[in-house]
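Letter by letter, the chains look like this.
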Protein chains: 8
Amino acid sequence: MDRGSIKAILSSVKSGRISVKEATEKLRHLPYEDMAFARIDHHRHLRQGIPEVIFASGKTEDQVVGIARAMHEKSRSFLVTKATREIHKALGIKDAVYYPSSRIISVGEKKQKKGDVLVLTAGTSDIAVAEEAAVTASFLGSRVQSVYDVGVAGLHRLMDSMGSLERARVIIVVAGMEGALPSVVGGMTNKPIIAVPTSTGYGTSLGGLTALFAMLNSCVPGIAVMNIDNGFGSGCLAHKINVRV
Amino acid sequence: MDRGSIKAILSSVKSGRISVKEATEKLRHLPYEDMAFARIDHHRHLRQGIPEVIFASGKTEDQVVGIARAMHEKSRSFLVTKATREIHKALGIKDAVYYPSSRIISVGEKKQKKGDVLVLTAGTSDIAVAEEAAVTASFLGSRVQSVYDVGVAGLHRLMDSMGSLERARVIIVVAGMEGALPSVVGGMTNKPIIAVPTSTGYGTSLGGLTALFAMLNSCVPGIAVMNIDNGFGSGCLAHKINVRV
Amino acid sequence: MDRGSIKAILSSVKSGRISVKEATEKLRHLPYEDMAFARIDHHRHLRQGIPEVIFASGKTEDQVVGIARAMHEKSRSFLVTKATREIHKALGIKDAVYYPSSRIISVGEKKQKKGDVLVLTAGTSDIAVAEEAAVTASFLGSRVQSVYDVGVAGLHRLMDSMGSLERARVIIVVAGMEGALPSVVGGMTNKPIIAVPTSTGYGTSLGGLTALFAMLNSCVPGIAVMNIDNGFGSGCLAHKINVRV
Amino acid sequence: MDRGSIKAILSSVKSGRISVKEATEKLRHLPYEDMAFARIDHHRHLRQGIPEVIFASGKTEDQVVGIARAMHEKSRSFLVTKATREIHKALGIKDAVYYPSSRIISVGEKKQKKGDVLVLTAGTSDIAVAEEAAVTASFLGSRVQSVYDVGVAGLHRLMDSMGSLERARVIIVVAGMEGALPSVVGGMTNKPIIAVPTSTGYGTSLGGLTALFAMLNSCVPGIAVMNIDNGFGSGCLAHKINVRV
Amino acid sequence: MDRGSIKAILSSVKSGRISVKEATEKLRHLPYEDMAFARIDHHRHLRQGIPEVIFASGKTEDQVVGIARAMHEKSRSFLVTKATREIHKALGIKDAVYYPSSRIISVGEKKQKKGDVLVLTAGTSDIAVAEEAAVTASFLGSRVQSVYDVGVAGLHRLMDSMGSLERARVIIVVAGMEGALPSVVGGMTNKPIIAVPTSTGYGTSLGGLTALFAMLNSCVPGIAVMNIDNGFGSGCLAHKINVRV
Amino acid sequence: MDRGSIKAILSSVKSGRISVKEATEKLRHLPYEDMAFARIDHHRHLRQGIPEVIFASGKTEDQVVGIARAMHEKSRSFLVTKATREIHKALGIKDAVYYPSSRIISVGEKKQKKGDVLVLTAGTSDIAVAEEAAVTASFLGSRVQSVYDVGVAGLHRLMDSMGSLERARVIIVVAGMEGALPSVVGGMTNKPIIAVPTSTGYGTSLGGLTALFAMLNSCVPGIAVMNIDNGFGSGCLAHKINVRV
Amino acid sequence: MDRGSIKAILSSVKSGRISVKEATEKLRHLPYEDMAFARIDHHRHLRQGIPEVIFASGKTEDQVVGIARAMHEKSRSFLVTKATREIHKALGIKDAVYYPSSRIISVGEKKQKKGDVLVLTAGTSDIAVAEEAAVTASFLGSRVQSVYDVGVAGLHRLMDSMGSLERARVIIVVAGMEGALPSVVGGMTNKPIIAVPTSTGYGTSLGGLTALFAMLNSCVPGIAVMNIDNGFGSGCLAHKINVRV
Amino acid sequence: MDRGSIKAILSSVKSGRISVKEATEKLRHLPYEDMAFARIDHHRHLRQGIPEVIFASGKTEDQVVGIARAMHEKSRSFLVTKATREIHKALGIKDAVYYPSSRIISVGEKKQKKGDVLVLTAGTSDIAVAEEAAVTASFLGSRVQSVYDVGVAGLHRLMDSMGSLERARVIIVVAGMEGALPSVVGGMTNKPIIAVPTSTGYGTSLGGLTALFAMLNSCVPGIAVMNIDNGFGSGCLAHKINVRV
């Protein structure tokens, strides 16, 4: 129920077309309907921060395609994460771009890019997650630069990227195994750092829990930590921070 | 904002005292105010299911007493869980009853009791949690019977309580260690069972996690499980089920 | 052994047809036989609360079909959970209904429905578990309504279901990931709530443990919690509570 | 080095064929050689308690068959656990018996059976592990009786087996899910009980850890607990206890 | 109700002193009473395997003394585990023996000892648990020998106890830290072995979980494992096995 | 070593005051010295993001005071977290402010405040951590507003703070137990959200792990998560994001 | 940038070919370039300790082959771990040796062997990891001897290898299940011991965590522990220790 | 039984004083006795690698002093770890040195120091563990240098210690929280690295498990990892490696 509907009821009361009692009853149910409306309004704002997205993992190809087409009708612009090449083909949407490493599909990415998001990875096995982060932030309108394989075992590679670090407004650091890279990067810059643990590793990497806990315990205070392999979420947060004015 | 307030605005519109535009603005903010109101109204309903309660653990004596007195002004009827004898004394509220085993204080308990809640424990070490459950359900208006120390190592003791089981409308089963009692009781009755794991035990009892997981994995389907040592919660749920009409 | 059998033995003793020693021996074994008998009698009662069920997971197709047919002879009315379409076909039972999302087979569902069980899910990935809950409760004779995808990220969708919440006698809330929905629903109603965590999620969702623990720690007291993905159990409990008179 | 070799050295010393110094040197290395010998001697004793066994899981078919044939040459009597039907065929050993449920192969089982080992299971899904236990104990020479599906949800079934419980010299109880059966059996008998948790279950059964921990925390003291799904080990222990004289 | 009581009722029926109806009523309650009786009768048998025991930990001094005195009236012979010196003094029972290392009180220990239970510890920190095991088994009537501090870091100490190993009918092995000793002992003997993990250690000893899991995974099959620090339970089991005839 | 020092060496080379060889040697050590220098320079920048801080927990009073005084000489402006009132007194620094709830000491807080950081808590037990966050962000120069006790069990309280949510540039959400509040807030706003789990709770709250994992699994993407009870870190991150231009 | 380059710049300044300002600018970037250089220089040293290696697991065949060929151009000598036979074929490198048990490919192994590394395994299932260790150490230039299947269940087999233990300069002990072998070996020798837990086992072996924790808790102090199944790492460390002079 | 005893028996055989049969019997028991002897002999060798040590934690003051005095009689040279100042005083041994930070007592430390062990810590809270390591290695005869507080949040401090790194023969790296320092040090040197996780930290540091797992997952291969807070063990291992010739 929007402002117009409220006005209409009030006008009817004023003109005597409906009684005060009838109007009271109509307005009593307003909260939820209006709340619903307020949410829809909020949704528009939300979209500035978070894209429409379909998490394809655990859904059938048919389900994903069905939801994606419905979404395409409504908003023209959305992401599908953890998608397969088959889903991409089945979509039949012309401007849907498929990123095979990260298995993300981007539809209707923003042309205009702003700010500077830097995505770093510790190793080559972390690239899939990093790409998901980069595609997400870029889709939302952030300018993104990626530097891969600058892990702590060879710090000189990271030193070579000093310039990129200094230009960035926000830095996403993707690392598996011991998850030490965010601490090292955090010791070299005052930019907000988003740490994304990956499930890269074996044995006591515990599917990424070790990297996650290491990042949460960083001796550098103030590092933002995401769920394991959550490239998408880190892209959303990075964009939100990047576009703060 | 209640029905009366809405009516007042509408009457003002009708009489021309305020304009339609002014009234629209007033009502536009209704959702949140009304939501707040709805909550307050709901709260009253909620109180039928869940008592006002102060969780004393981790608060200073002063804080607990402060909150309790404020609450006493407003509702005259509430619980304090995990309280000390010192808190009870400091309260200075005449009808505040202190239960030393379960360290619960009950203020303004309902006189009228309905239905039939049965509280069973596996061992004597589980009695503190069971008493918290019993006091809570009784406080809310349920008739409560407690039978202690009927664990699976001597099933005949449980068999002796067959009559109580048959009379009960809902059964709370409190057990630590291997947490087997709810399964055994569940095999003997068709009443709703609420299982409360306790931290009784040592080593691989893991502070109650073993009993909790055992209860969640009961071969008897449909057992309601609570957090470890959560006598209070089980009392609330038991009362809700007990008073269904 | 019922009252009649005891009487018969006693009459035979009285009339001298059997000796005191023989009768003593017969009665000595009474407890277990009678116990067994009492169990059988109980079983009939139990069926009011819990359906006959075959948990198909981890059994071969042949085993499931064999047990199902034997059960069909005896009771005409049972469920098979975690079943495959192949099992459904192989059963060859005319009124066996197969639900593909939840992979449950229902045979001989009750026609008469009573009360009002509401099943909510946080997301679309939780629907399989919710359907298992709904089919189970409905099979047992409860009237069931399902509302899906009303998670906490968009509370207005939940607000739209306020009416359903108010009509329900008991509410099943199915949620994965952070498992927050039962707390939010619990803050809005005084009905008994059964929370079912699902294995939806990745990384630190830990196969549903995170949702489970979140539900056990709800700030709303008295929420009944089930094992991860345990739709069947929640359906049983909901029906038990729903039909309390 | 056996008694004969020592004698030979000593005779040589006595006859002067070798010097005291040479003999000292020879005997100085005796411990390890003799130790090796002692072990072999011990091995014979060990075989009364523990069979020669090949754990097939994680080995290739070729490897298992190779080891099995070598073993067959030497001892004629051994077990292969976690074997496939293919391995059984490939063995080409005439008296090798294959048990499909438990996937165990028995070669050269003892004809003579002694004592009385009772194997109970809580559910039908626990039968594979129970059969492994039964085959192992029987292979070693124990008389074994198995009673399946007597879980705590229907205690009358267990009560019907009271006679078997009283005859048994040692009882193996196999259970998954909440692992409560050993406690209940332990409350009914004074026989040594060996509890075997199984990985039957889902969610918080945690692959058998819940049943294991429940068994370790039994309120009945003195229950022997084995690793998850360790039917073989329980058969060994049961036999050892069964044949104590 | 024992065999004699049943006989008395039957005789009264036969002689006409009581009617069939009266007798039926008396016998109708037999199951539970008889069950209770059977338990009591069983209890006597149980006592051969498991002593009456009070687990003092988590009980107040008053509670322990109260239960102990009641027990003393009835059975004259029982244990108190995890007791304090204060409890021992407060008991005021003349023949109550207090063992300070293991904090166990033994009242009315059997004079007559049978068989041969050997208790080994890996280190000196494991002695408290070992003593609890030894006192328990001895209390029940087993002859017990203890050899301490024979851990795997110096196997020659264990070798020196070879004679004790060969004499024993059952061996309790108590070890913390890496829990390796039961495997080593198990490789040297065919006697039943009961492994008791202790909470000795720090860091990844995880309060005894590491020793527990190591023992459950022993490469020597058939080792009986107890809960962490459960000396009492191991004493019960050892006695049960020791006195098998 | 800064640009000026390099220039000086080069000028000396040019003028012949030092030889090429001497200059080479001087410059060879440049990397580390310069690195050290760069760090110092960086440190100044870092201080815009992260304050000098002493983590008092696990240090003696003497150690904390010693470090604090040394720090005071150098920078005049720093924090002490997890401090006691005794430490505050012992410091003897005039403008050191002690916050008793959060046990944080602030020395030389910035007068000038910018932007808008909102700190929310789910319950009253989360206030200590929230205050640590607020003091830290304020110390660094952020304008901070705190709203406490707006947990999901009564959403209307949160709704009343809608205005604060809309004004904020970044929101810190502090919650224990089920950790659901960040998800609910995240569904209502497009501002960057920093979620801080607290150790508030018992049983399966697992010292805050449940809240932590719930936050990492939020159905609202892009929430920044901190270590358990890490108010300080969240204050640092909030300030960094708040002051982005 | 090396000493020569610095000298050249300085000479140019001296001779006036470049200005002080130009030289300053060139040298200002020195730290990172020089750092990079230092790393490259270090890398050469590193190669004495750690081989170039490609961790094939989780990479596509194409990726592994691409990296391997690039590496072959540069260094002629490297390892591929967790490789498949297909990768070995696809490499097309003449002197690439494939080890099928451990799935490691060695290219350009050193001919000259030094010192003495002994690799022991507890069981036959641990051989794959042991072989990875042996191939790695041998590749780097260590002389390696392997003795398999000397687990603690039959210590005499270990005693037979006493000579090898005494000859070794460093000993790698590979064990799964209860992980006891390193403790036993550590009790028999004063050589540095590297313990490698393997994922051999089931149930509470927890994928190797039990063996890992057991090794970390060894009662023999000073045992070096590696990640689960980390044969490669243990080979690197053994070589480093073996070649210390 | 030593070489002399064997010689004596052989001489008696030669001279005819005892028969071959008698000598055979005497020698048959040789293994265990000789084994014991061999162990004692081995012990001497062991002492080159591992000091005699008393782990005081969990022992009474009396027990520690008793063991220490007995040890002092025998070997004059030993350590007491986790000791209190009271124990030090009570010892009454003149040359017993007490280190208050690490609570270690050293008696009879070697004067002669060899090689070069470097001990690094990430933070000041790790110094207690580092000191235990340093005292142990020094006690055994290693020359030890310690550099504290060079954690990854400020890498330049580590860079300043480059010279120490290059001189060291083996490096102990002590770190809590995220445990990243060993990886960074490992990237800068080819020396053997021993990583010691500490329990420094809170929340998800999990009492040191996070640092431990991070170290086990280091991207730098071949790092030796110790149990949490195990300074003593790392000192032993470092000395063993340091003195390899």
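The present account deals with the structure reproduced in this document. Please read these numbers as outputs of a predicted model, since none were measured by experiment. (Residues numbered from 1 in each chain as written. Chains lettered and ligands numbered in written order. Predicted model: local features only at pLDDT ≥ 70, side-chain atom pairs only at ≥ 80, totals over all residues. Heavy atoms only, no water.)

### Here's the deal with the interface of chain A and chain H
Short version of the rule: Here, two residues are considered to be in contact whenever any of their heavy atoms come within 4.5 Å of each other. A carboxyl oxygen of Asp or Glu within 4 Å of a side-chain nitrogen of Lys or Arg is what we treat as a salt bridge. Identification of polar contacts relies on pairs of N or O atoms within 3.5 Å, with a donor-acceptor requirement for protein atoms, meaning one able to donate a hydrogen and the other able to accept it, and with residues adjacent in sequence counted only if both atoms are side-chain atoms. Starting at the N terminus, helices and strands are each numbered in turn, a helix being any DSSP run of H or I of at least four residues and a strand any DSSP run of E of at least two. In this count, Pro and Cys sit with the nonpolar residues alongside Ala, Val, Leu, Ile, Met, Phe, Trp and Tyr, while Asp, Glu, Lys and Arg are called charged and the others, Gly among them, polar.
If you look at the interface, chain A gives 22 residues, while chain H gives 22 residues. Between the two partners, chain A and chain H, sit zero salt bridges. The tally of links between chain A and chain H comes to eight residue pairs in polar contact (both at pLDDT 80 or more). Secondary-structure elements contributing two or more residues to the side of chain A that touches chain H are helix H7 (155-159), helix H9 (181-186) and helix H10 (209-216) of chain A. In terms of residues, the side of chain A that touches chain H owes the most to one element, H10 of chain A, which gives four residues. For the side of chain A that touches chain H, a count of residues per class yields 14 nonpolar, seven polar and one charged.

### Structural notes on the sheet that holds strand E1 (residues 53-55) of chain B
Residue and element names in this part refer to chain B. The following threshold applies: Two strands form a pair only when DSSP identifies at least two bridges running between them. As a rule, the C-alpha atoms of each element are fitted with a line to give its axis, helices using only the stretch in contact, and angles between N-to-C directions run from 0 to 180 degrees.
In space, the four strands of this open sheet follow the order E1-E2-E4-E3, with mixed pairing throughout. Each of the sheet's edge strands pairs with one partner strand only, and the pair in question is E1 and strand E3 (96-99). Averaged over all neighbouring strand pairs, the angle between strand axes comes to 15°, with direction disregarded. Pairing of E1 with strand E2 (residues 78-81) involves three bridges; the strand directions are parallel. Bridging across to E2, Val53 finds its partner in Leu79. This element, helix H6 (residues 127-140), spans E2, E3 and strand E4 (104-107) of the sheet and lies at about 10° to E4.

### Looking at the sheet that holds strand E4 (residues 104-107) of chain H
Residue and element names in this part refer to chain H. As summarised here, the arrangement of the four strands in space is E1-E2-E4-E3, forming an open sheet in which the pairing is mixed. Only two strands of the sheet have a single partner each, and these edge strands are strand E1 (53-55) and strand E3 (96-99). With strand direction ignored, the average angle separating the axes of adjacent strands in the sheet is 15°.

### Considering the relation of the copies chain A and chain H
Rules: When the copies are superposed, the least-squares fit takes in the C-alpha atoms of residues with a pLDDT of at least 70 in both.
Of the two same-sequence chains, chain A is brought onto chain H (RMSD 0.2 Å, axial shift 0.0 Å) by a rotation of 180°. Classification of the inter-copy transformation places it as that of a two-fold axis. Closest approach to the rotation axis among the C-alpha atoms of chain A is made by Ala180 of chain A, whose C-alpha sits 2.6 Å away. When the interface residues of chain A are mapped onto chain H, 100% of them again fall at the interface, so both copies present the same face.

### Brief notes about the environment of Pro51 of chain H
Residue and element names in this part refer to chain H. Of note, Pro51 is situated in the loop between helix H3 (30-49) and E1. Remark: the alpha-carbon pair of Pro51 and Phe78, spanning 27 residues in sequence, is separated by 6.2 Å. Not counting residues up to four positions away in its chain, the partners in contact with Pro51 are Leu79, Thr136, Phe139, Leu140, Phe232 and Cys236.

### Remarks on the side chain of Asp229 of chain A
Heads up, the condition is: In this scheme, a residue with accessible area under 20% of its type's maximum is buried, one over 50% is exposed, and one in between is partly exposed, where area comes from a 1.4 Å probe on protein chains only. Charge counting treats Lys and Arg as positive and Asp and Glu as negative, with His and both chain ends excluded.
Mapped onto the fold, Asp229 of chain A is located in the loop between strand E9 (224-225) and helix H11 (231-242). Summary of buried charges: Asp229 of chain A has no salt-bridge partner, and the nearest side chain of opposite charge, Lys82 of chain A, is 6.2 Å away. Ignoring anything within four residues of it in the chain, the contact list for Asp229 of chain A reads Lys82, Val129, Glu132, Val196, Pro197, Thr198 and Ser199 of chain A together with Tyr202 of chain C.

### Section: the pairing of strand E3 (residues 96-99) of chain E
The alternating pattern of E3 of chain E places Ala96 and Tyr98 of chain E on a buried face and Val97 and Tyr99 of chain E on a face that is not buried. What sits between the antiparallel neighbours E3 of chain E and strand E4 (residues 104-107) of chain E is a turn of four residues, in which Arg103 of chain E has the positive phi angle 55°.

### Quick notes on the pairing of strand E8 (residues 193-197) of chain B
All names here are of chain B. Most of E8 is tucked away: five of the five residues are buried. Of the two faces of E8, the one carrying Ile193, Ala195 and Pro197 and the one carrying Ile194 and Val196 are both buried. Pairing analysis gives five bridges linking strand E7 (residues 170-175) to E8, with the strands arranged parallel. From the neighbouring strand, Val174 faces E8, where its bridge partner is Val196.

### Here's the deal with the environment of Pro182 of chain H
Residue and element names in this part refer to chain H. With respect to the helices, strands and loops of the structure, Pro182 is situated in helix H9 (residues 181-186). Judged by its relative accessible area of 1%, Pro182 is buried. Pro182 sits 112 residues away from Ala70 along the chain, and the two C-alpha atoms are 39 Å apart. When residues no more than four places from it in sequence are discounted, the contact partners of Pro182 are Val173, Ala175, Ile193, Ala195, Met215 and Ile223.

### Description of H6 of chain B
Each α-helix winds once per 3.6 residues, and so residues spaced three or four apart point in a common direction. Residue and element names in this part refer to chain B. Heads up, the condition is: Any helix carries an expected span of 1.5 Å times its number of residues minus one.
Here H6 contains 14 residues, and its C-alpha end-to-end distance of 20 Å stays within 8% of the 20 Å for a straight helix at 1.5 Å per residue. Every buried residue of H6 is listed here: Val129, Ala130, Glu131, Glu132, Ala133, Ala134, Val135, Thr136, Ala137, Ser138, Phe139 and Leu140. The positive-phi residue at the C-terminal boundary of H6 is Gly141, with phi of around 115°.

### Quick look at helix H11 (residues 231-242) of chain E
Residues and elements named next belong to chain E. Its twelve residues place the ends of H11 16 Å apart at the C-alpha level, agreeing with the 16 Å of an ideal helix rising 1.5 Å per residue. The buried fraction of H11 amounts to twelve of the twelve residues, a majority that puts the element mostly inside the structure. The set of residues buried in H11 consists of Gly231, Phe232, Gly233, Ser234, Gly235, Cys236, Leu237, Ala238, His239, Lys240, Ile241 and Asn242.

### Thoughts on the packing of helix H6 (residues 127-140) of chain C against helix H11 (residues 231-242) of chain C
All names here are of chain C. Filter applied, for reference: Should an angle fall under 35 degrees it is taken as roughly parallel, and over 145 as roughly antiparallel, whereas 65 to 115 is taken as roughly perpendicular and any remaining angle as oblique. For any pair of crossing helices, the crossing counts as left-handed if the nearer helix is rotated counterclockwise from the farther one by less than a right angle, and right-handed if it is rotated clockwise.
Where H6 contacts H11, the two axes come as close as 7 Å, and the packing angle between them is 40°. Between H6 and H11, the interaxial angle falls into the category oblique. In this structure, H6 meets H11 at a crossing whose hand is right-handed. Across from Val129, Glu132, Ala133, Thr136, Ala137 and Leu140 in H6, the residues of H11 making contact are Gly231, Phe232, Ser234, Gly235, Cys236 and His239. When grouped by side-chain class, the residues that make up the contact of H6 with H11 number six nonpolar, five polar and one charged.

### Notes on the pattern of salt bridges
In this structure the tally under the stated criterion is 16 salt bridges over all chains. Close ionic contact of Glu132 of chain F with Lys82 of chain F constitutes a salt bridge, the shortest N to O distance being 3.1 Å. A residue pair is termed long-range when its members are at least 10 positions apart, and Glu132 of chain F in helix H6 (residues 127-140) and Lys82 of chain F in the loop between strand E2 (78-81) and helix H5 (85-91) qualify at 50 residues. A relative accessible area of 3% means that Glu132 of chain F is categorised as buried. The closest approach of N and O atoms between Lys113 of chain H and Glu109 of chain H, which form a salt bridge, is 2.6 Å. Classification of Glu109 of chain H as partly exposed rests on a relative accessible area of 22%.

By themselves these figures say nothing about function.
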